[in-house]
Amino acid sequence: MVAPAPLKPAVLWFTGLSGSGKTTIARDVRDRLLASGARVEYLDGDVIRSVFPETGFTKPERDAHVKRVGFLASRLEHHGVIVICALISPYAASRNYVRGLCRRFVEIHISTPLAECERRDVKGLYRRARLGQIGNFTGVQDPYEPPDAPELRIDTSDMSVQEAADRVMRALRGDDELAPIESVTRLGQHATNV
Ligand SMILES: Nc1ncnc2c1ncn2[C@@H]1O[C@H](COP(=O)(O)OP(=O)(O)OP(=O)(O)O)[C@@H](O)[C@H]1O
Ligand SMILES: [Mg+2]
């Protein structure tokens, strides 16, 4: 039997509302990739924020957070790593900036509707936001700008974690469906000057 071709480096970027399922699916994908022997790094917005607690939630602060993590992800990707990032990353412009830094940027919109995320309220944050106890909460006081053309869109309302992770793995393997390397590299060269 012929061994499957090794997976190419890429940045798998999970974006979506709080509670949509980014971390849950991203961890499943990470575990599958690690089990396959791939070089993997997982960058979760919450973990990065715990290291840099001064990072706030205003638009400029969220944009800076996304750009920092995206830059780091792009450097790791250039060194042959499959990088998995899970951040709400609500603003299209900063996500597209990161796309420009990366060679293979796989944008995965976890599109679970607000009502379902709020019903789950895993961290109790929607309730606190509705009570006005926290501000700048995406989906309550602040907008979420959905990607126009993500490589993948997953609504977890009626899909298992396993099926969602299967889809991500298929997108990672399906090179031809992703943006041509040349155009992405050109953008990346421009963006690394910033
Ligand atoms: N198919 C599914 N995929 C992912 N999560 C699901 C699914 N079905 C139900 N869930 C549940 O939805 C919740 C998603 O929470 P999770 O922490 O992954 O969200 P998140 O997008 O990372 O949020 P945050 O931005 O606040 O970190 C979990 O409690 C998970 O068990
Ligand atoms: Mg999370």
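Because the structure is a prediction, the values reported are computed rather than measured.

**Q** Looking at this structure, how should I read the overall build of the protein chain?
**A** Assigned secondary structure in the protein chain consists of 8 helices and 5 strands. The order of helices and strands in the protein chain, counted from the N terminus, is β-α-β-α-α-β-α-β-α-α-β-α-α. By sequence separation, contacts in the protein chain at least 24 residues apart represent 80% of the contacts at least 6 residues apart.

**Q** How should the environment of D155 be read in this particular structure?
**A** Examined against the element boundaries, D155 turns out to sit in the loop between β5 (152-154) and α7 (161-173). Residue classification places D155 among the partly exposed positions, given that 16 C-beta atoms sit within 10 Å. On a C-alpha basis, the gap between D155 and S111 in space is 4.8 Å, while along the polypeptide they are 44 residues apart. Those residues in contact with D155, other than ones at most four positions away along the chain, are S111 and T112.

**Q** Mind showing me how you'd approach the site of ligand 1 here?
**A** The environment of ligand 1 is formed by 20 residues, the closest being S18, G21, K22, T23 and T24. If you list the elements that add at least two residues to the shell around ligand 1, you get α1 (22-35) and α7. With 4 residues, α1 is the largest single contributor of residues to the shell around ligand 1. Its residues assigned to classes, the shell around ligand 1 shows 7 nonpolar, 9 polar and 4 charged.

**Q** Help me understand the nonpolar core, please; the structure alone is not making it clear to me.
**A** Note on soluble globular proteins: their nonpolar side chains tend to be buried together. By size, the foremost hydrophobic cluster in this structure holds 35 residues, and its most contacted members are V11, L12, C85, V106 and V168. Secondary-structure elements contributing two or more residues to this core are β1 (10-16), α1, α3 (59-78), β3 (82-86), α4 (92-101), β4 (105-110), β5 and α7. Excluding residues that lie within four positions of it along the chain, V11 makes contacts with A73, S74, E77, V83, C85, C102, R104, F105 and V106.

So, how was this worked out
- Residues numbered from 1 in each chain as written.
- Chains lettered and ligands numbered in written order.
- Predicted model: local features only at pLDDT ≥ 70, side-chain atom pairs only at ≥ 80, totals over all residues.
- Helix = DSSP H or I, 4+ residues; strand = E, 2+ residues; numbered from the N terminus.
- Contact = placed C-beta atoms within 7 Å.
- Buried ≥ 20, exposed ≤ 12 C-beta atoms within 10 Å, placed from the backbone.
- Near = placed C-beta within 6 Å.
- Nonpolar A, V, L, I, M, F, W, Y, C, P; charged D, E, K, R; others polar.
- Core = buried A, V, L, I, M, F, W, Y, C linked by C-beta atoms within 7 Å.

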